[in-house]
Amino acid sequence: LAGDPPPPGHSDLVVVANRLAVDRVVEEDGTTSWRRSPGGLVTALAPIMTRQEGAWVGWGGSPEEELDEPLEPFTHEGMHLVPVSLTERELVEYYEGFSNSTLWPLYHDVIARPDFHRQWWDTYQRVNARFAHAAAATAAKGATVWVQDYQLQLVPRILRRLRPDLRIGYFHHIPFPPVEIYAQLPWRRPVLEGLLGADLIGFQRRSDVSNFQGAVRRILGSSFRSNTVQVKEHDGGARTVGAAAFPISIDVDTITDLSQNPDIQARARQIREELGNPSTILLGVDRLDYTKGIRHRIKAFSELLEDGRLSVEDACLVQVASPSREGVDSYKELRDEIELSVGRVNGTYDTMGHTAIRYLHHSYPVEEMVALYLAADVMLVTALRDGMNLVAKEYVAARGGWGGVLVLSEFAGAADQLRKALLVNPHDIDGLKEAIMEATEMSAGEATKRMKSMHRQLITHDVNKWSRDFLDRLGGAVSAERSGPDD
Ligand code: G6P
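Residues numbered from 1 in each chain as written. Predicted model: local features only at pLDDT ≥ 70, side-chain atom pairs only at ≥ 80, totals over all residues. Heavy atoms only, no water.

1. Digging into the overall build of the chain
From N to C terminus, the chain includes 16 helices and 17 strands. Rg of the C-alpha trace for the chain: 23 Å, near the compact-globule value of 23 Å for 487 residues, within the 12% margin. Seen through its principal axes, the chain has C-alpha atoms that stretch 75 × 55 × 40 Å. Burial analysis of the chain (487 residues in total) assigns 58% to the buried set. (Helix = DSSP H or I, 4+ residues; strand = E, 2+ residues; numbered from the N terminus. Rg over C-alpha atoms; globule rule 2.2 N^0.38 Å. Buried < 20%, exposed > 50% of the residue type's maximum accessible area, 1.4 Å probe, protein only.)

Structural data, given as structure tokens:
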């Protein structure tokens, strides 16, 4: 997989992620331009990348066949972008297949059944090697390379073979499952070996770290001591690899500024009016994904309407479900199921003036999201399994000291930090119903006290701290610890 190393590049800091840090925008007249992606990761890393002449390696978002010519590296707002090209077939086998129909369900507690196909695995290896080569050709001598997420787990090892001079970090944004589940993966050894090519492996929760360590022990027979493990090199030497938790966060200042903007506050009031001024607005915001527990949330809410504990005059559930991975069968099936149940609930409980569930299958700009957070009295984050869940943190950032109640699944990584949320097990529908009632009935004083406490946690743990902590630890955990065969 490694092949011959390319000559070194010029960047001292290289981020490697499945997607580039920019989105391609096609104007009405057919011309195309690039816009920085709105996500937290990009926002967090952009300033460091610009300061350090950093480069971002990733897929440009369109299959090779749709482009007139392959994309060349380019610079956008001071960031160097290095596009990796993927064909339609590779997108089916590496992205929709191995990444999102094998790894995604396997790593999220097999909520959906993972598919194991040898052809997908071959393509995953080939595509990971391509990303590693692009990173090797971009990184200067002794540079730091930071690989992101489950789509690229083999990159650390391939890259180390190509460029032993590099300092390599990897961050896993999604859960790492218990070894009993992980062990189903036919390629469980090479995936662990791929990750162990890094100097430092970051996870969201401490439980992810211990699951990973358990898998390394059971499958590779190597034990971690104080969060480090010795990995044998092919030249007979050994390297120290660290694994630790670095819970990701959001750009708190951006959300705070938007929440104080009078236009956005006016939009929040308008949303309330447009919904017929119900006493309680409940809100769900998710990618339309089976890990998010959207069906459980709808079930609990509809039973509360059926029991007469809520009515459509009192309460409206706004569910934003942003389109996601629409080429994958399990996502198509989920959409059908959700839309069937929303239709049923609304058909049963709506009146001319009020709706039970206002369902929106769209993505919205961050300004509209903040207006929704300001309008919502209760935020429902009921994921069955989630690496972190940044929506929960955005809600807290937007509410600041203004109350509002967060109902949060204990199976989302955010539950480790947002301890003053109403923590729920979303599988327990009765428990979820009680938590929704407690949230709708909570006194303003109690809600504000809880929200302020969570807000204090958040402002000292924003996404800048996350990237700083990881990169500082990576800087300290370097190959100084490498010992040669004769040591
Ligand atoms: C999760 C993953 C990310 C991924 C995102 C959106 O947050 O951890 O790696 O980019 O979902 O999914 P998509 O498949 O559209 O990139």
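After that view of the structure, there is still more to cover.
2. A few points about the site of the ligand
Taken together, R19, Y95, W104, D149, Y150, Q151, H173, I174, R287 and R325 are the residues near the ligand. One nitrogen or oxygen atom from the side chain of D149 is found 2.5 Å from an oxygen atom belonging to the ligand. Between the ligand and Q151 there is a distance of 3.2 Å, counted from an oxygen atom to a side-chain nitrogen or oxygen. With the chains in place, 69% of the 380 Å² that the ligand exposes on its own is no longer accessible. Its residues placed into classes, the shell around the ligand shows 4 nonpolar, 2 polar and 4 charged. (Near = heavy atom within 4 Å. Polar contact = N/O pair within 3.5 Å; in protein donor to acceptor, adjacent residues only side chain to side chain. Areas by Shrake-Rupley, 256 points an atom, 1.4 Å probe, with all protein chains shown as cover. Nonpolar A, V, L, I, M, F, W, Y, C, P; charged D, E, K, R; others polar.)

3. Overview of the pattern of salt bridges
A side chain of one charge can pair with a side chain of the opposite charge if their charged atoms are brought near each other. Enumeration according to the criterion identifies 30 salt bridges in this entry. K292 serves as the salt-bridge partner of D386, at 3.0 Å between the closest nitrogen and oxygen. Separated by 94 residues along the polypeptide, D386 in the loop between β15 (378-381) and α13 (390-399) and K292 in the loop between β12 (280-287) and α10 (294-306) bring together distant segments of the chain. Owing to a relative accessible area of 10%, K292 belongs among the buried residues under this scheme. (Salt bridge = Lys/Arg side-chain N within 4 Å of Asp/Glu carboxyl O.)

4. A closer look at the environment of P114
Its location among the elements puts P114 in the loop between α2 (88-107) and α3 (118-138). For P114, a relative accessible area of 8% gives the class buried. As for P114 and L185, which are separated by 71 residues in sequence, their C-alpha atoms are 9.2 Å apart. Excluding residues within four positions of it along the chain, P114 makes contact with S101, T102, P105, L106 and Q184. (Contact = heavy atoms within 4.5 Å.)

5. With respect to the packing of aromatic side chains
In the structure shown here, the tally under the stated rule is 24 aromatic pairs. Arranged with centres 5.0 Å apart and planes meeting at 35°, the rings of F176 and Y182 form a pair that is tilted. A single burial state applies to F176 and to Y182, both of which are buried. One aromatic cluster in this structure is built from Y94, F98, W121, Y124, F131 and W187. One Lys or Arg, R325, reaches over the ring of W104 and ends 4.1 Å from the middle of that ring. (Phe/Tyr/Trp six-rings, centres within 6.5 Å; stacked < 30°, edge-to-face > 60°. Lys NZ or Arg CZ within 6 Å of the ring centre and 35° of its normal.)

6. Regarding the side chain of N389
Among the structural elements, N389 can be located in the loop between β15 and α13. Classification of N389 by relative accessible area gives buried; the value is 6%. Engagement of the side chain of N389 in a polar contact is seen with the side chain of D386, the distance being 2.9 Å. Only 3.0 Å separates the side chain of N389 from the backbone nitrogen of A392, close enough to count as a polar contact. Residues within four places of N389 in sequence aside, it is in contact with K292, V381, A412 and A414.

7. Some remarks on the sheet that holds strand β16 (residues 405-409)
Read across the sheet, 6 strands follow the order β14-β13-β12-β15-β16-β17 without closing on themselves; strand pairing throughout is parallel. The open sheet terminates on both sides in strands that have one partner only, identified here as β14 (357-360) and β17 (422-424). Each strand axis lies, on average, 20° off the axis of its neighbour in the sheet, ignoring direction. When strand β13 (residues 315-322) meets β14, the two strands line up parallel, connected through 4 bridges. (Pairing = 2+ DSSP bridges. Axes fitted to C-alpha atoms, helices over the stretch in contact; angles between N-to-C directions.)

8. A look at the side chain of D208
Among the structural elements, D208 can be located in helix α7 (residues 206-220). No salt bridge is formed by the buried D208. Its closest oppositely charged neighbour is R205, at 5.6 Å. Looking at D208, its side chain comes within polar contact range of the main-chain nitrogen of F176, at 3.1 Å. When near neighbours in sequence (up to four residues on either side) are disregarded, D208 contacts P175, F176 and F203. (Lys, Arg positive; Asp, Glu negative; His and termini not counted.)

9. Quick word on the pairing of strand β3 (residues 32-36)
The pairing of strand β2 (residues 22-26) with β3 spans 5 bridges and is antiparallel. Across the sheet, the residue bridging to R24 is W34, located in β3. The hairpin formed by β2 and β3 contains 5 residues between the paired strands, and G30 there has a positive phi angle of roughly 90°.

10. Things to note about the confidence of the model for the chain
On average, residues of the chain score 94 in pLDDT, and 98% of them are at 70 or above. Residue range residues 478-487 is modelled with pLDDT below 50. Its contacts to residues more than four positions away, or to other chains, number 15 contacts. Scoring the predicted complex yields pTM 0.95 and, for the interface, ipTM 0.97. (pLDDT = per-residue confidence, 0-100.)

11. Some points on a negative patch on the surface
Together, E64, E65, E66 and E88 make up a negatively charged patch on the protein surface. Looking at the element boundaries, E66 is found in the loop between β4 (55-59) and β5 (74-76). (Patch = residues over 30% accessible without salt bridge, like charges linked within 9 Å, V, L, I, M, F, W, Y side chains within 5 Å. Charge placed at Lys NZ, Arg CZ, Asp CG, Glu CD.)

12. Here we look at the sheet that holds strand β9 (residues 200-203)
One open sheet holds the 9 strands; their spatial order is β5-β6-β4-β1-β7-β8-β9-β11-β10, and the pairing between them is mixed. One side of each edge strand has no neighbouring strand; the edge strands of this open sheet are β5 and β10 (228-232). Across the sheet, the axes of successive neighbouring strands diverge by a mean angle of 25°, strand direction being ignored. Where β10 lies against strand β11 (residues 238-245), 5 bridges are found, and the strand directions are antiparallel. Its bridge partner being in β11, V231 is matched across the sheet by R239. Together, β1 (11-19), β4, β6 (79-84) and β7 (139-148) form the strand contacts of helix α1 (residues 40-51), whose direction differs from that of β4 by roughly 145°.

13. Notes on the nonpolar core
By size, the foremost hydrophobic cluster in this structure holds 104 residues, and its most contacted members are F131 and F212. Of the residues forming this core, the biggest block, 10 residues, is contributed by α3. Beyond its immediate sequence surroundings of up to four residues, F131 is in contact with V16, A17, N18, V57, G58, W59, V84, Y94, L152 and V155. Membership of the second largest hydrophobic core comes to 70 residues, among which are W56, I281, A371 and A421. (Core = buried A, V, L, I, M, F, W, Y, C linked by side-chain atoms within 4.5 Å.)

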